[in-house]
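# Examining the three-dimensional arrangement
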Amino acid sequence: MTKPLLVAFDGPAASGKGTLASVIAADYGLPFLDTGLLYRAAGHLAHVRQIDPALAASLIDAETLADEALRGREAGERASRVAAIPEVRAALFKYQQDFANQPSGAVLDGRDIGTVIAPHAPVKLFVTARPEIRAHRRWLQLVKLNPALTEAEVLDDIRIRDERDSSRSSAPLEKAADALLLDTSDLGIDAAIATARSLVKSRL
Ligand code: CDP
């Protein structure tokens, strides 16, 4: 029997990690978890129901995760605020760890997959890009929902979020020592996918 493959993708907002992680999951027929969605759901639910974020994290279900509002700018901002609360991270820990350790193997993307959720993952990629590049990509997505949004506003959001995610004491965004670095700043989508594929292969 071949060993189940576990792949951890981490990196800052709009680095391309979600797209790359889903391609690798499809390549190897592995289940894929976008862990950012869990934090987005916790922040959104806490806001809508005016409840404690850790309680909100414990109430997440398939219906909450399907809410279109989770894709918006406010949901990203709220996610990063509640993600700094240790009780929120604790409430989401077991679900993510169980997902990572399922017998089939798995691909997860987030901020602390290679460092906290699955430090034992044999394949870890840290995906990044320059802030201006990430802001442009994220603006292209968000402007469809909010035509008045400017690229400068998105760059401000990204810088604030980078700073908050990297400086928090609980599971900060950081590259695991054994993660391979993939900078997508100067890569188109096809080149980024090809590079991610060869980095994963290099660790198998
Ligand atoms: O798509 P984008 O990178 O903008 O954000 P996301 O992956 O949906 O994550 C939203 C926020 O959740 C991040 O800014 C982090 O603060 C938090 N997060 C986290 O702390 N740990 C994770 N494993 C995933 C997300």
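First, a word on what this report is: a plain description of the structure on this page. These figures come from a predicted structure and were not determined experimentally.

### Some thoughts on the sheet that holds strand β1 (residues 5-10)
With respect to topology, 5 strands assemble into an open sheet ordered β2-β3-β1-β4-β5, the strand pairing being parallel. Strands at the two margins of the open sheet, each flanked by one partner only, are β2 (32-34) and β5 (180-183). Strand after strand, the sheet turns through a mean of 20 degrees between neighbouring axes, direction not considered. Direction of pairing for β2 relative to strand β3 (residues 105-110): parallel, over a ladder of 3 bridges. In the strand pairing of β3, Asp34 is matched with Asp109. Helix-sheet contacts for helix α2 (residues 35-49) involve β2 and β3, and the interaxial angle to β2 is about 40 degrees.

### A look at the layout of surface pockets
Looking at the largest pocket, its volume works out to about 1100 Å³. Lining the largest pocket are 42 residues, and of these Gly18, Asp34, Arg40, Arg138 and Gln141 lie nearest its centre. Of all the secondary-structure elements, those providing two or more residues to the lining of the largest pocket are α1 (17-28), α2, α5 (73-82), β3, α8 (131-142), α9 (151-167) and α10 (189-202). A class-by-class count of the residues in the lining of the largest pocket yields 16 nonpolar, 11 polar and 15 charged.

### Description of the environment of Val200
Position of Val200 among the secondary structure elements: in helix α10. Owing to a relative accessible area of 0%, Val200 belongs among the buried residues under this scheme. Taking the C-alpha atoms as reference, Val200 lies 6.4 Å from Val123; in sequence the two are 77 residues apart. Filtering out sequence-adjacent residues up to four positions away, Val200 remains in contact with Ile24, Tyr28, Val123 and Leu125.

### Here's the deal with the environment of Thr35
Mapping Thr35 onto the fold places it in helix α2. Expressed as a C-alpha distance, the spacing of Thr35 and Arg197, which sit 162 residues apart in the sequence, is 21 Å. Not counting the four nearest positions on each side in its chain, Thr35 is found in contact with Gln96, Leu108, Asp109, Gly110 and Ile113.

### Remarks on the side chain of His44
In this fold, His44 is placed in helix α2. On the basis of relative accessible area, His44 is assigned to the buried category, the value being 15%. Other than its neighbours up to four places away in sequence, His44 contacts Asp67, Ala69 and Leu70.

### Remarks on the pattern of salt bridges
If you walk through the whole model with that rule in mind, you get 13 salt bridges. Residues Asp157 and Arg73 are paired through a salt bridge, measuring 2.5 Å at the closest nitrogen-oxygen approach. Taken together, the residues Asp157 in helix α9 and Arg73 in helix α5 connect sequence positions 84 residues apart. Put simply, Arg134 and Asp162 hold a salt bridge, and the shortest N to O gap is 2.6 Å. Taken together, the residues span a long stretch of sequence, with Arg134 in helix α8 and Asp162 in helix α9 at a distance of 28 residues.

Parameters at a glance
Residues numbered from 1 in each chain as written. Predicted model: local features only at pLDDT ≥ 70, side-chain atom pairs only at ≥ 80, totals over all residues. Heavy atoms only, no water. Pairing = 2+ DSSP bridges. Helix = DSSP H or I, 4+ residues; strand = E, 2+ residues; numbered from the N terminus. Axes fitted to C-alpha atoms, helices over the stretch in contact; angles between N-to-C directions. Contact = heavy atoms within 4.5 Å. 1 Å grid on protein atoms, 1.4 Å probe; cavity = no way out; pocket = protein on both sides within 12 Å on 5 of 7 lines; lining within 4 Å. Points joined across faces, edges and corners; volume = space filled by probe spheres on them. Nonpolar A, V, L, I, M, F, W, Y, C, P; charged D, E, K, R; others polar. Buried < 20%, exposed > 50% of the residue type's maximum accessible area, 1.4 Å probe, protein only. Salt bridge = Lys/Arg side-chain N within 4 Å of Asp/Glu carboxyl O.

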